Amino acid sequence: MKQQTVITMKDIAREFGVSVATVSRALQDSPRISAERKEEIKRYAREHGFTPNSIAGNLRLSKVSQPKNIGVIMPQITHYYFSTILAGIEEMAHERGYSIMVAQSNESYEREVQICNSFRVNRVCGIIVSQAKDTKNYDHFQTLLDSGVPLVFFDRICTGIDSSRVVLDDYMGAFNAVSYLIETGCRRIAFYGSPMQLEISKNRYNGYKDALLKHGLKPDESLQRLCDDRMHAEEITPEILQREDRPDAFFAVNDDTAIGILYTAKRMGLHVPEDISICGFTNGERAIACDPMLTTVEQRGHKVGEEAVNILLDHVEGNVPMEKVEKKVVRTRLIIRGTTK
């Protein structure tokens, strides 16, 4: 027996020459759609075996108690920043009467696709996600949206998908940090960043570069490295610090990388911050466990998690239409400690 092809709301919209939002409203019996068009769309959906995201729909349309689960996809749960976001998600979800199902992609695109499929099969109300580093194809996210599953990105957003998101002001966080390094006398500032397909990497690099330019300093590409973890930082930093024209400061994309730079400099007999200033980006627990304590940009992960839940549930509960993209920016702040002058 030939298996029936699963169709999405996008397929139905294409068939009738209407928007996905119109299909969604028709399936939810919205009075904004004519009775004749609603019946046509519903009949077509039934005949082609379409099953909408019934959990989200039933939360709005039924008085019967439904499972109220939110799916959460994170690159790494053990990462301090992601763990604080998860705490914010769980607390706000609980406050609003929902439970969460959490999975980590371990920075794998293939694993991320599997998780999305699993959450869809298990009919979560909606999904909150930060994409994996190596994700370059976004069809799995679009499939969720086309199936009526609300989706909210945080931190690592997907610019190829028109979906709600919660982000940090990464650009200003980096700009303010590098400006502070310059104002304290630093002139040759190295940059360690993440892969540039990630929006946060672009924003932090642009903040670094623009701070240099604003203060009349030319960015030096020989001081810029693709490096976003402590082990890699400890491998590559000796070569930079042995140069005659070595940098007098480092701005790192996260705290772990900054700490790798710090301990490498100390092992090489350099004094921090007298010889080298160092600034990270996270403000996790390790920032105050190192010696000297780390100057860093605070990310406010708990607030990010709370905002992501509120946006998602406004979509799920029908307070905000699915097709309306909500964007929230969470402000950062520079925490000055002992690794800078």
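The following paragraphs examine the structure supplied in this document.

The rules behind the values
Residues numbered from 1 in each chain as written. Predicted model: local features only at pLDDT ≥ 70, side-chain atom pairs only at ≥ 80, totals over all residues. Heavy atoms only, no water. Salt bridge = Lys/Arg side-chain N within 4 Å of Asp/Glu carboxyl O. Helix = DSSP H or I, 4+ residues; strand = E, 2+ residues; numbered from the N terminus. Buried < 20%, exposed > 50% of the residue type's maximum accessible area, 1.4 Å probe, protein only. Pairing = 2+ DSSP bridges. Axes fitted to C-alpha atoms, helices over the stretch in contact; angles between N-to-C directions. Contact = heavy atoms within 4.5 Å. Expected span 1.5 Å × (residues − 1). Arc of directions from axis to C-beta. Right-handed = clockwise from strand over helix to strand, strands pointing away.

So, the pattern of salt bridges
For step 1, the next point in the chain: Counted under the stated rule, the structure contains 21 salt bridges.
For step 2, the next point in the chain: Between arginine 188 and aspartate 245 there is a salt bridge, with the nearest N and O atoms lying 3.4 Å from each other. Linking arginine 188 in the loop between helix H8 (170-183) and strand E6 (189-193) with aspartate 245 in the loop between helix H10 (230-241) and strand E8 (249-252), this pair joins segments that are 57 residues apart in sequence.
For step 3, the next point in the chain: Taking the shortest distance from any N to any O, the salt bridge between arginine 230 and glutamate 234 comes out at 2.8 Å. In this pair, arginine 230 and glutamate 234 both sit in helix H10, 4 residues apart, roughly one turn of the helix.
For step 4, the next point in the chain: The class of glutamate 234 is partly exposed, set by a relative accessible area of 24%.
For step 5, the next point in the chain: Among the ionic contacts, a cluster of salt bridges with common partners joins Arg188, Asp220, Arg243 and Asp245.

Some thoughts on the sheet that holds E6
For step 1, the next point in the chain: In space, the 6 strands of this open sheet follow the order E7-E6-E8-E9-E10-E12, with mixed pairing throughout. The two strands at the open ends of the sheet, each matched to only one other strand, are strand E7 (224-226) and strand E12 (333-335). Across the sheet, the mean angle from the axis of one strand to that of its neighbour is 20 degrees, orientation sign disregarded.
For step 2, the next point in the chain: Across 3 bridges, the pairing between E6 and E7 is parallel. Bridging across to E7, glycine 193 finds its partner in leucine 226.

Describing the environment of isoleucine 73
For step 1, the next point in the chain: Here isoleucine 73 is to be found in strand E1 (residues 69-74).
For step 2, the next point in the chain: Placed 30 residues apart in sequence, isoleucine 73 and alanine 103 show a C-alpha to C-alpha distance of 5.1 Å.
For step 3, the next point in the chain: With residues near it in sequence (within four places) discarded, isoleucine 73 still touches Ala103, Ile115, Cys116, Phe119, Ile127, Ile128, Val129, Ser130 and Phe154.

Digging into helix H9 (residues 199-214)
For step 1, the next point in the chain: In this model, H9 (16 residues) spans 22 Å end to end at C-alpha, consistent with the 22 Å of a helix rising 1.5 Å per residue.
For step 2, the next point in the chain: What H9 keeps buried is the set Ile200, Ser201, Arg204, Tyr205, Gly207, Tyr208, Ala211 and Leu212. All buried residues of H9 lie within an arc of 155 degrees about the axis, which places them on one face of the element.
For step 3, the next point in the chain: Where the residues of H9 are buried, they touch strand E5 (164-168), H8, E6, E7, E8 and strand E9 (277-282).
For step 4, the next point in the chain: Positive phi shows up at glycine 216, right after H9, with a value of about 75 degrees.

Side note on the pairing of strand E4 (residues 151-154)
For step 1, the next point in the chain: Judged by which residues are buried, E4 turns out to be covered on both faces: Leu151 and Phe153 on one side and Val152 and Phe154 on the other are all buried.
For step 2, the next point in the chain: Of the pairings in the sheet, the one linking strand E3 (residues 126-129) to E4 comprises 3 bridges and is parallel in character. Bridge pairing in E4 places isoleucine 128 opposite valine 152.
For step 3, the next point in the chain: As for the winding sense of the linkage, the β-α-β connection from E3 through helix H7 (residues 139-146) to E4 is right-handed.

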